[in-house]
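These are the residues of each chain, in order.
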Amino acid sequence: KAGVTQTPRYLIKTRGQQVTLSCSPISGHRSVSWYQQTPGQGLQFLFEYFSETQRNKGNFPGRFSGRQFSNSRSEMNVSTLELGDSALYLCASSFTSGGAGEQFFGPGTRLTVL
Amino acid sequence: SQELEQSPQSLIVQEGKNLTINCTSSKTLYGLYWYKQKYGEGLIFLMMLQKGGEEKSHEKITAKLDEKKQQSSLHITASQPSHAGIYLCGADPIDGQNFVFGPGTRLSVLP
């Protein structure tokens, strides 16, 4: 089976811009979770989508949003970028929802905001 | 909310040495996961523990969950440079919370 893929791998944006990140889960997995990883805050949960519905949301401002398509692919959008949004964004797919069970992670998208 | 602490924060060992990384939860664990991350890359699943006293091994890595299900340890025997990376523990959500990760332990193995 192909693993979780994320595109793009690297992104450089300036403050105020918006960005869209993409995640394709493992075939058959219906849950996609997004995480933000920074040196200061570590790995923090953003949100989870299961069968096109947002199931859980972490403690992030409304500038962070996402969606999931019928083929389980997911996109994450960040609007009005701030310097503090610079991070590694990881998505993970799993067969079940709710974070229980093994999650398979993609390689991540490194976002740099200048 | 549930929080995970890991110790030590970082570890430098000589190749061939054994080492242990600990993960402590503020609440009872219902599912504890160990992941490894190469710097700047995605996480690789290592092991999952659910039952008190459970122990699992894969190659030279052994993970244990204590009887009270609030602490887990990851032990590496005869470490190799390929073991270097960041080890993170993660816990299944409880009480409507989200999946949570520990801060990670950075391991360096000197050849």
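What comes next concerns the included structure. (Residues numbered from 1 in each chain as written. Chains lettered and ligands numbered in written order. Predicted model: local features only at pLDDT ≥ 70, side-chain atom pairs only at ≥ 80, totals over all residues. Heavy atoms only, no water.)

### Quick notes on the overall build of chain A
Here's step 1: On a plain count of helices and strands, chain A comes out with zero helices and 11 strands.
Here's step 2: Put simply, chain A runs from its N terminus to its C terminus through helices and strands in the order β-β-β-β-β-β-β-β-β-β-β.
Here's step 3: Across its three principal directions, the C-alpha atoms of chain A cover 35 × 25 × 25 Å.
Here's step 4: Burial status across chain A gives 48% buried among its 114 residues.
Here's step 5: If you take every contact in chain A between residues at least 6 apart in sequence, the share linking residues at least 24 apart comes to 55%.
Here's step 6: As displayed, chain A has an accessible area near 5,300 Å², and 50% of this comes from carbon and sulfur atoms.
Here's step 7: Taken as two groups, the 11 positive and 6 negative side-chain charges of chain A have centres that lie 3 Å from each other. (Helix = DSSP H or I, 4+ residues; strand = E, 2+ residues; numbered from the N terminus. Buried < 20%, exposed > 50% of the residue type's maximum accessible area, 1.4 Å probe, protein only. Contact = heavy atoms within 4.5 Å. Areas by Shrake-Rupley, 256 points an atom, 1.4 Å probe, with all protein chains shown as cover. Lys, Arg positive; Asp, Glu negative; His and termini not counted. Charge placed at Lys NZ, Arg CZ, Asp CG, Glu CD.)

### A word on the nonpolar core
Here's step 1: L4, L19, L32, W34, L74, Y87 and L107 of chain B are the most contacted members of the largest nonpolar core, which has 23 residues in total.
Here's step 2: Elements represented by at least two residues in this core include exactly β2 (10-14), β3 (19-25), β4 (32-37), β5 (43-49), β7 (61-65), β8 (71-76), β9 (85-91) and β11 (105-110) of chain B.
Here's step 3: If you look at the next biggest cluster of nonpolar residues, it comprises 21 residues, including V4, L21, L46 and C91 of chain A. (Core = buried A, V, L, I, M, F, W, Y, C linked by side-chain atoms within 4.5 Å.)

### Digging into the sheet that holds β7 of chain B
Residue and element names in this part refer to chain B.
Here's step 1: Reading across the sheet, the five strands line up as β1-β3-β8-β7-β6 and stay open at both edges, with antiparallel pairing between neighbours. In this open sheet, the two strands that pair with only one neighbour each are β1 (4-7) and β6 (55-58). Strand-to-strand, the axes of this sheet are offset by a mean angle of 15°, without reference to chain direction.
Here's step 2: Taken together, the five bridges between β7 and β8 define a ladder with antiparallel strand orientation. Along β8, the bridge assignment pairs A63 with L74. (Pairing = 2+ DSSP bridges. Axes fitted to C-alpha atoms, helices over the stretch in contact; angles between N-to-C directions.)

### Topic: unusual backbone geometry
Here's step 1: Geometrically, the link from T7 of chain A to P8 of chain A is a cis peptide bond, its omega value of -10° lying close to zero.
Here's step 2: Each neighbour pair has its own omega, and for S7 of chain B with P8 of chain B the value is -5°, a cis peptide bond.
Here's step 3: You can see P8 of chain B is positioned in the loop between β1 and β2.
Here's step 4: One non-glycine residue, T80 of chain A, adopts positive backbone phi at about 45°.
Here's step 5: By secondary structure assignment, the location of T80 of chain A is in the loop between β8 (74-78) and β9 (87-94).

### Digging into the interface of chain A and chain B
Here's step 1: Between chain A and chain B, the contact holds 19 residues from the first and 14 residues from the second.
Here's step 2: For the pairing of chain A and chain B, the buried interface totals around 1,300 Å² over both sides, and the portion due to carbon and sulfur atoms is 54%.
Here's step 3: Three residues, L43, E102 and F105 of chain A, lead the burial of chain A against chain B; their summed loss comes to 31% of the area buried on that side.
Here's step 4: Applying the counting rule to chain A against chain B returns three residue pairs in polar contact (both at pLDDT 80 or more).
Here's step 5: Of all elements in the fold, only β4 (31-38), β5 (42-50), β6 (53-57) and β9 of chain A reach the threshold of two or more residues within the side of chain A that touches chain B.
Here's step 6: Here the side of chain A that touches chain B is composed, by residue class, of eight nonpolar, eight polar and three charged. (Buried area = accessible area lost by both parts, 1.4 Å probe. Polar contact = N/O pair within 3.5 Å; in protein donor to acceptor, adjacent residues only side chain to side chain. Nonpolar A, V, L, I, M, F, W, Y, C, P; charged D, E, K, R; others polar.)

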